[in-house]
Amino acid sequence: MRRMVAETRLHPADLILPAFVREGITEPVPIGAMPGVVQHTRDTLRKAAVEALEAGVSGIMLFGVPEDARKDAAGTAGTDPDGILQVAIRDVRAEVGDDLVIMSDLCLDEFTDHGHCGVLDAEGRVDNDATLERYAEMAQVQADAGVHVVGPSGMMDGQVGVVRDALDTIGKEDVAILAYTAKYSSAFYGPFREAVGSSLEGDRKTYQQDPANLRESMRELALDLEEGADMVMVKPAGPYLDVLAKVAATVDVPVAAYQISGEYAMVEAAEKGWIDRDKAILESLTGIRRAGAQMILTYWATEVAQKLARGV
Ligand code: PBG
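Worth saying up front: this structure is predicted, and the values here are computed from it rather than measured. (Residues numbered from 1 in each chain as written. Predicted model: local features only at pLDDT ≥ 70, side-chain atom pairs only at ≥ 80, totals over all residues. Heavy atoms only, no water.)

Novice: Got a minute to help me understand the overall build of the protein chain in this structure?
Specialist: In terms of helices and strands, the protein chain carries 11 helices and 10 strands. In summary, the protein chain has a C-alpha radius of gyration of 18 Å against a globular reference of 20 Å for 312 residues, a match within 12%. When the backbone C-alpha atoms are referred to their principal axes, the protein chain occupies close to 60 × 45 × 40 Å. Burial analysis of the protein chain (312 residues in total) assigns 54% to the buried set. When contacts within the protein chain are restricted to residue pairs at least 6 apart in sequence, long-range pairs at least 24 apart make up 75% of them. Counting every atom, the protein chain has about 13,600 Å² of accessible surface; 50% of that belongs to carbon and sulfur. On the protein chain, the mean spot of the 30 positive side-chain charges and the mean spot of the 51 negative ones are 7 Å from each other. (Helix = DSSP H or I, 4+ residues; strand = E, 2+ residues; numbered from the N terminus. Rg over C-alpha atoms; globule rule 2.2 N^0.38 Å. Buried < 20%, exposed > 50% of the residue type's maximum accessible area, 1.4 Å probe, protein only. Contact = heavy atoms within 4.5 Å. Areas by Shrake-Rupley, 256 points an atom, 1.4 Å probe, with all protein chains shown as cover. Lys, Arg positive; Asp, Glu negative; His and termini not counted. Charge placed at Lys NZ, Arg CZ, Asp CG, Glu CD.)

Next up, the structure:
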């Protein structure tokens, strides 16, 4: 009876797998703060993409981790056609074609030696407009590499419009934009810093949203839609379900939520036996669906999709 009257269901196609690929390694490197998640080699990334596809997951969100020596102030590895992220996009596209939606993180923090999402001005502050020029270039190299959807995640003002123009200019009108619309300055990103070997000291409070604010996110939403966002995202997911519900009730584009590294790590800490890991995973994802996300980025995407397919 509970199954029959359930108002919310999870389906493998709701799920998108975020994945890390690291330059210059021959074996996958486990991420300590995210048990079960690794930095992939080019080869194991291809395998993970196939595994996700076979489980019924609908998309993969790629993050590139360059060799430390390649990081610089402008994050040039992020716009190098042979940079790790572009290489990985090509690899995965060659492997799965159009069967899995290939998405890429469009942000500089993985590639800058200071770890910020943009380039800095003379006083060491993130320079919004100079960063937009870098994002335009990034969008173009990622599109050239064969990505289906770019995910600008740096929270610079005007980023969606600039990326849309940059894509259209090179004839990539069909590459879609998943806008990180309401991305909060969150303590729950902690494990991600290890995942991408981030060099950041300090925080991103000057460009990410204040956790205290909801109205501000609605303004970000209006701007992103006006600038051409095809889909919008709320991030993190669990602590921001009210934001997600309001965004979902407001827009007529697809809505995504990102269950981030710290949300993952908290539940994985259940290995201590304090909560039931498997039930907590499904409950957290069901809550995010119920609040209004059609698509959920989650590090458990493949595992959960496999379980759903088996009817577990
Ligand atoms: C920025 C980016 C971050 C995440 C995704 N894209 C880090 C940040 O903004 O600090 C975090 C994802 C996660 O924590 O799982 N490139």
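Once the structure has been displayed, the description carries forward.
Novice: How should I be thinking about the site of the ligand in this particular structure?
Specialist: Asp109, Lys183, Lys235, Ser261 and Tyr299 are the nearest of the 17 residues found near the ligand. Lys183 is positioned with one of its side-chain polar atoms (N or O) 2.6 Å from an oxygen atom of the ligand. Note that an oxygen atom of the ligand is positioned 2.6 Å from one of the side-chain N or O atoms of Tyr299. Contact with the protein chains removes 100% of the 400 Å² of surface that the ligand exposes when unbound. Tallied by class, residues from the shell around the ligand come to 7 nonpolar, 3 polar and 7 charged. (Near = heavy atom within 4 Å. Polar contact = N/O pair within 3.5 Å; in protein donor to acceptor, adjacent residues only side chain to side chain. Nonpolar A, V, L, I, M, F, W, Y, C, P; charged D, E, K, R; others polar.)

Novice: What should I look at first to understand helix 7 (residues 215-227) in this one?
Specialist: Because the α-helix completes a turn every 3.6 residues, residues three or four places apart line up on one side. In this model helix 7 runs 19 Å from its N-terminal to its C-terminal C-alpha over 13 residues, within 8% of the 18 Å that 1.5 Å per residue would give. Buried within helix 7 are the following residues: Ser217, Met218, Glu220, Leu221 and Asp224. Seen end-on, helix 7 carries its buried residues on one side only, within an arc spanning 155°. For helix 7, the exposed residues lying more than 90 degrees away from the buried face are Arg215, Arg219 and Glu226. On its buried face, helix 7 sits against helix 5 (159-169), strand 7 (176-183), strand 8 (231-235) and helix 8 (241-250). Positive phi shows up at Gly228, right after helix 7, with a value of about 110°. (Expected span 1.5 Å × (residues − 1). Arc of directions from axis to C-beta.)

Novice: Would you take a moment to explain the pairing of strand 9 (residues 255-258) for this structure?
Specialist: Each regular strand carries side chains that alternate between the two faces of the sheet. Every second residue of strand 9 is oriented toward a common face, with Val255 and Ala257 on one face and Ala256 and Tyr258 on the other, all of them buried. The parallel pair strand 8 and strand 9 is bridged by helix 8, and the resulting crossover is right-handed. Bridging between strand 9 and strand 10 (residues 295-297) involves 3 bridges; their strand directions are parallel. In the sheet register, Tyr258 faces strand 10, and the bridge partner there is Leu297. (Right-handed = clockwise from strand over helix to strand, strands pointing away. Pairing = 2+ DSSP bridges.)

Novice: Can you walk me through the pairing of strand 4 (residues 59-65) in this structure?
Specialist: Of all 7 residues making up strand 4, 7 are buried, and the element is well covered by its neighbours. On strand 4, burial covers both faces: Gly59, Met61, Phe63 and Val65 on one face and Ile60, Leu62 and Gly64 on the other are all buried. As paired strands, strand 4 and strand 5 (residues 101-106) are joined by 4 bridges and run parallel to one another. Following the sheet pairing, Leu62 is matched in strand 5 by Ser104. You can see the chain leave strand 4, run along helix 3 (residues 84-96) and come back into strand 5, and the turn it takes is right-handed.

Novice: Explanation requested: the packing of helix 2 (residues 42-55) against helix 3 in the structure shown.
Specialist: If you want to describe how two helices pack, look at the angle between their axes and the distance between the axes. Two elements in contact, helix 2 and helix 3, have axes separated by 9 Å at closest approach and are oriented at 45°. With respect to their mutual orientation, helix 2 and helix 3 come out oblique. Helix 3 is crossed by helix 2, and the crossing has right-handed handedness. Note on element contacts: helix 3 touches helix 2 through Ile84, Val87, Ala88, Asp91, Val92, Ala94, Glu95 and Val96, opposite Arg42, Leu45, Arg46, Ala49, Val50 and Leu53. Among the residues making up the contact of helix 2 with helix 3, the classes are represented as 10 nonpolar, no polar and 4 charged. (Axes fitted to C-alpha atoms, helices over the stretch in contact; angles between N-to-C directions. Parallel < 35°, antiparallel > 145°, perpendicular 65-115°, else oblique. Left-handed = near helix turned anticlockwise from the far one by under 90°.)

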